[in-house]
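# Topology and contacts: notes
Below, each chain spelled out in residue letters.
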Amino acid sequence: MGIRNYLVEGVSGSGKTSVATELARRGHHVVHGDRELAYRGDPETGEPLDGGSDADAAFRHAHHLWRIDRVAALVADKSHPVTFFCGGARNVRRFIGLFDGVFVLDVDPDTLKARLAGRPADEFGGTPEERDLILRLNATREDLPPNATIIDATAPLGSVVDDILLRCGKAG
């Protein structure tokens, strides 16, 4: 949906939704990927999976995908000067080449623990099992896209968004 398209990624609790909200507040076009594009599917085939709401946290995480055809269609629509796709998907490597840049929000373990501690149980990261998984993923960085620009997401939200916009050649 943009002449230029950027992905804002990071583990749960790193600040993707907050960044998306602030970008939108400043008048930028934002796609909340985890709300608008996500589904539970087979990471190899992309086929949707039925049910599984009671699956463990690792399963739910590993099968959290974005609809590639929908990502491609949004990127192809050039009605906005810039579009920010915010969220995470396990099939990101299948569509990462569509973006002009990728940012990863990075937080230290203590900040991440504090952010996750305030999550309700029905939001991913709200249970001890989910928090443990997220902390492990943050430590190993195994899910993060390669060659991304790292953004210090421990800074105040306005500074984080200013940093992203500056790196996109946009003023805050």
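The coordinates are above.
Just so it is clear, the model here is predicted, and its values are computed rather than measured.

## What about helix 7 (residues 157-167)?
- Those residues of helix 7 that sit buried are Val160, Val161, Ile164 and Leu165. Within helix 7, the buried residues cover an arc of 130 degrees as seen down the axis, which keeps them to one side.

## Structural notes on the packing of aromatic side chains
- Summed over all chains, the structure comprises 5 aromatic pairs.
- Both rings, one in phenylalanine 95 and one in phenylalanine 99, keep their centres 6.2 Å apart while their planes meet at 70 degrees; by these two values the pair is edge-to-face.
- Under the relative-accessibility criterion, phenylalanine 95 is labelled buried at 2%.
- Cluster of aromatic residues (ring-pair linked, three or more members): Trp66, Phe85, Phe95 and Phe99.
- It is arginine 67 that lies over the ring of tyrosine 39; its NZ or CZ is 4.2 Å from the centre.

## Observations regarding the nonpolar core
- The biggest cluster of nonpolar side chains holds 26 residues, and the ones touching the most others in it are Val8, Val19, Leu23, Phe84, Leu105 and Ile164.
- The greatest single-element share of this core, amounting to 4 residues, is contributed by helix 7.
- Once residues lying within four places of it in the same chain are set aside, the contact partners of leucine 105 are Val8, Glu9, Gly10, Ser14, Gly15, Lys16, Val19, Ile151, Ala153, Val160 and Ile164.
- Ranked by size, the runner-up nonpolar core spans 16 residues in total, among them Val31, Leu37, Val102 and Val104.

## Some details on the pattern of salt bridges
- Enumeration over the complete set of coordinates arrives at 9 salt bridges.
- For glutamate 22, the salt bridge goes to arginine 25, with nearest N and O atoms at 2.7 Å. Taken together, the positions of glutamate 22 and arginine 25, both in helix 1 (residues 16-25) and 3 residues apart, correspond to about one turn of that helix.
- Residue arginine 167 pairs with aspartate 163 through a salt bridge whose shortest N-O separation is 2.7 Å. You can see arginine 167 and its partner aspartate 163 sitting in helix 7, 4 residues apart, about one turn around the helix.
- A relative accessible area of 22% means that aspartate 163 is categorised as partly exposed.
- Overlapping salt bridges, with partners in common, bring together Glu22, Arg25, Arg26 and Asp162 in one network.

## Remarks on the packing of helix 1 against helix 7
- Contact pair helix 1 / helix 7: the axes reach a minimum separation of 10 Å and the direction vectors enclose 70 degrees. Accordingly, the angle class assigned to the pair helix 1 and helix 7 is roughly perpendicular. Contacts between helix 1 and helix 7 involve Ser18, Val19, Glu22 and Leu23 from the former and Leu157, Val160, Val161, Ile164 and Leu165 from the latter.

## So, the side chain of glutamate 130
- One can find glutamate 130 in helix 6 (residues 128-140).
- In this structure glutamate 130 touches Ala57, Arg60, Glu123, Phe124 and Gly125, once residues within four positions along its chain are discounted.

The rules behind each value
- Residues numbered from 1 in each chain as written.
- Predicted model: local features only at pLDDT ≥ 70, side-chain atom pairs only at ≥ 80, totals over all residues.
- Heavy atoms only, no water.
- Buried < 20%, exposed > 50% of the residue type's maximum accessible area, 1.4 Å probe, protein only.
- Helix = DSSP H or I, 4+ residues; strand = E, 2+ residues; numbered from the N terminus.
- Arc of directions from axis to C-beta.
- Phe/Tyr/Trp six-rings, centres within 6.5 Å; stacked < 30°, edge-to-face > 60°.
- Lys NZ or Arg CZ within 6 Å of the ring centre and 35° of its normal.
- Core = buried A, V, L, I, M, F, W, Y, C linked by side-chain atoms within 4.5 Å.
- Contact = heavy atoms within 4.5 Å.
- Salt bridge = Lys/Arg side-chain N within 4 Å of Asp/Glu carboxyl O.
- Axes fitted to C-alpha atoms, helices over the stretch in contact; angles between N-to-C directions.
- Parallel < 35°, antiparallel > 145°, perpendicular 65-115°, else oblique.

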